[in-house]
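# Notes for the structure review
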Amino acid sequence: MGEKILVSGGAGYIGSHTVLQLLLGGYETVVIDNLDNSSVVAIDRVRFLAAQYAPNLSFHQVDLRDKPALEKLFASEKFDAVIHFAGLKAVGESVHKPLLYYDNNIIGTIYLLEVMAAHGCKKLVFSSSATVYGWPKEVPCTEDFPINALNPYGRTKLFIEEICRDVYQSDSEWKVILLRYFNPVGAHPSGDIGEDPHGTPNNLMPFVQQVAVGRRPALTVFGTDYNTVDGTGVRDYIHVVDLAEGHSAALRKLADPSIGCEVYNLGTGKGTSVLEMVAAFEKASGKKIPLVKAGRRAGDAEIVYASTDKAERELNWKAKYGIEEMCRDQWKWASKNPYGYGSPEPAT
Ligand code: NAD
Ligand code: WQD
């Protein structure tokens, strides 16, 4: 039996893809998730895709802020490491409900770290975000850029990074890897697992996919006057399967005795505009995406993409897929599951 990994938020978009990858790689995985933004069907689908490895996955519906439940879990099982995805992630919502975000993301993380320390489990991989680069002065973003957040969600990531650095400073037995994801998109090539946000999607590709299947009439393009190839914002989109593989690479790195608290970008190093992404999706799906041009969205940066040198060098990891594969797999997921893991919304 391989190492046993606790995955918080493992029923969610990135978590479910990572859990599958871990199972196929021989790890035993224990998922905790409160299902606030996910469905237990994702766990069933991961089990199906994992085939003979499915018995190595167990699931507990637990909220991170339920410290006694965390205590009970750590008292009953020994974990080699934790991958911590659980958190709320909607930027706009965080502006309206900052305390909810600070409570859920920061208090939840503090409880997790406390319980881990109490049980001698001091290896952590944490989901940070390129959001900590704010509007970067230049691109590509390297890990030593100053960090800065433009909204409460981003501040939760920034604070948690700092908390992890302080925890490591106080006790060098900790080994922590902070992964700054750029823009995860796409789905498992089977089309059986993918992103299924509750409510109106905030991010570009979930919105595009819902337009393609007829759930929404048009995509609103936020900003057409940026200083970019076609005036629309540029981002570093990364296939979720590549991102999942980045977590396996991070777990391998935690075995390196020299590691303390390190940060790595997970991106492709390539920038793609909104209109380029829409064109790639139209090509992959054969669907026309009607567009409505609008002003800039508050808090959006013009161009953000990663320097991938450090992850390539130290994690021995590099993204394999381009936007064609991202759109192909996103469409496979959307066309097989137009309503995600749920059933069609009732007509209004
Ligand atoms: P997601 O919403 O699909 O997954 C997060 C999971 O955490 C959900 O299943 C949710 O139910 C669970 N959760 C939330 N609060 C919880 C709590 N208190 N206790 C237990 N479970 C809880 O989001 P995702 O896209 O898979 O993101 C995973 C992580 O990566 C998040 O921390 C997110 O902030 C970070 N991240 C995401 C992106 C992105 O664009 N998707 C980019 C950068 C960083
Ligand atoms: C991408 C581009 C939009 C929606 C966010 C978070 C970040 C990280 C990833 C978690 C931008 C444009 C979008 C739409 C549009 N998440 N767009 N119409 O803003 O780069 O990053 O998700 O950590 O923290 O801030 O991603 O997908 O929202 O936007 O025109 O309906 O698409 O303006 O240029 P973003 P996104």
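What you see is a predicted model; the values in this text were computed from it and never measured. (Residues numbered from 1 in each chain as written. Chains lettered and ligands numbered in written order. Predicted model: local features only at pLDDT ≥ 70, side-chain atom pairs only at ≥ 80, totals over all residues. Heavy atoms only, no water.)

### Here's the deal with the overall build of the protein chain
The number of helices and strands found in the protein chain is 11 helices and 13 strands. By the compact-globule yardstick of 20 Å for 348 residues, the protein chain fits well, its C-alpha radius of gyration being 19 Å. Dimensions of the protein chain, computed from the C-alpha atoms along their principal axes, are close to 55 × 45 × 40 Å. Taking all 348 residues of the protein chain together, the buried fraction comes to 55%. (Helix = DSSP H or I, 4+ residues; strand = E, 2+ residues; numbered from the N terminus. Rg over C-alpha atoms; globule rule 2.2 N^0.38 Å. Buried < 20%, exposed > 50% of the residue type's maximum accessible area, 1.4 Å probe, protein only.)

### Observations concerning the sheet that holds strand β3 (residues 57–61)
Read from one edge of the open sheet, 7 strands run β3-β2-β1-β4-β5-β6-β11, paired in parallel fashion. Every interior strand has two partners, whereas the edge strands, β3 and β11 (261–266), have only one. Strand after strand, the sheet turns through a mean of 20° between neighbouring axes, direction not considered. Where strand β6 (residues 175–181) lies against β11, 6 bridges are found, and the strand directions are parallel. Bridged to Ile177 within β11 is Glu262. Sitting on the sheet, helix α2 (residues 40–50) touches β2 (28–33) and β3, and the angle it makes with β3 is about 175°. Contacts from helix α5 (residues 98–118) reach β1 (4–8), β4 (81–84) and β5 (123–129) within the one sheet, and its direction differs from that of β4 by about 175°. (Pairing = 2+ DSSP bridges. Axes fitted to C-alpha atoms, helices over the stretch in contact; angles between N-to-C directions. Contact = heavy atoms within 4.5 Å.)

### As for the pattern of salt bridges
Under the defined criterion, the tally for this structure stands at 23 salt bridges. Here Asp44 and Arg47 are joined by a salt bridge, their closest N and O atoms 3.9 Å apart. Within this pair, Asp44 and its partner Arg47 are both found in helix α2, separated by 3 residues, close to a single helical turn. The exposure class assigned to Asp44 is partly exposed, which follows from its relative accessible area of 41%. A cluster of three or more residues bridged by salt bridges with shared partners is formed by Glu161, Glu162, Arg165 and Arg180. (Salt bridge = Lys/Arg side-chain N within 4 Å of Asp/Glu carboxyl O.)

### Here's the deal with the site of ligand 1
Around ligand 1, the structure places 28 residues, and the nearest of them are Asp33, Ser38, Phe85, Lys89 and Tyr153. One of the backbone N or O atoms of Asp36 is found 3.0 Å from an oxygen atom in ligand 1. Between ligand 1 and Leu64, the relevant distance is 2.9 Å, taken from a nitrogen atom to a main-chain nitrogen or oxygen of the residue. Taken by itself ligand 1 offers 820 Å² of open surface, and the protein chains cover 96% of this. Only α1 (13–24), β5 and α6 (152–170) provide two or more residues apiece to the shell around ligand 1. With 3 residues, β5 is the single largest residue contributor to the shell around ligand 1. (Near = heavy atom within 4 Å. Polar contact = N/O pair within 3.5 Å; in protein donor to acceptor, adjacent residues only side chain to side chain. Areas by Shrake-Rupley, 256 points an atom, 1.4 Å probe, with all protein chains shown as cover.)

### Topic: the site of ligand 2
Within the structure, ligand 2 sits among 18 residues, and Ser129, Tyr153, Thr220, Arg235 and Asp300 are positioned closest to it. Within the backbone of Asn202, an N or O atom sits 3.4 Å from an oxygen atom of ligand 2. At a separation of 2.6 Å, an oxygen atom of ligand 2 approaches a polar side-chain atom of Asp300. Against a free-state accessible area of 680 Å², the protein chains account for coverage of 89% of ligand 2. Grouping the constituent residues of the shell around ligand 2 by class yields 8 nonpolar, 7 polar and 3 charged. (Nonpolar A, V, L, I, M, F, W, Y, C, P; charged D, E, K, R; others polar.)

### Quick look at the pairing of β3
Here β2 pairs with β3 via 5 bridges, running parallel. When the bridges of β3 are listed, Asp33 appears paired with Gln61. Note on the crossover from β2 through α2 to β3: the handedness is right-handed. (Right-handed = clockwise from strand over helix to strand, strands pointing away.)

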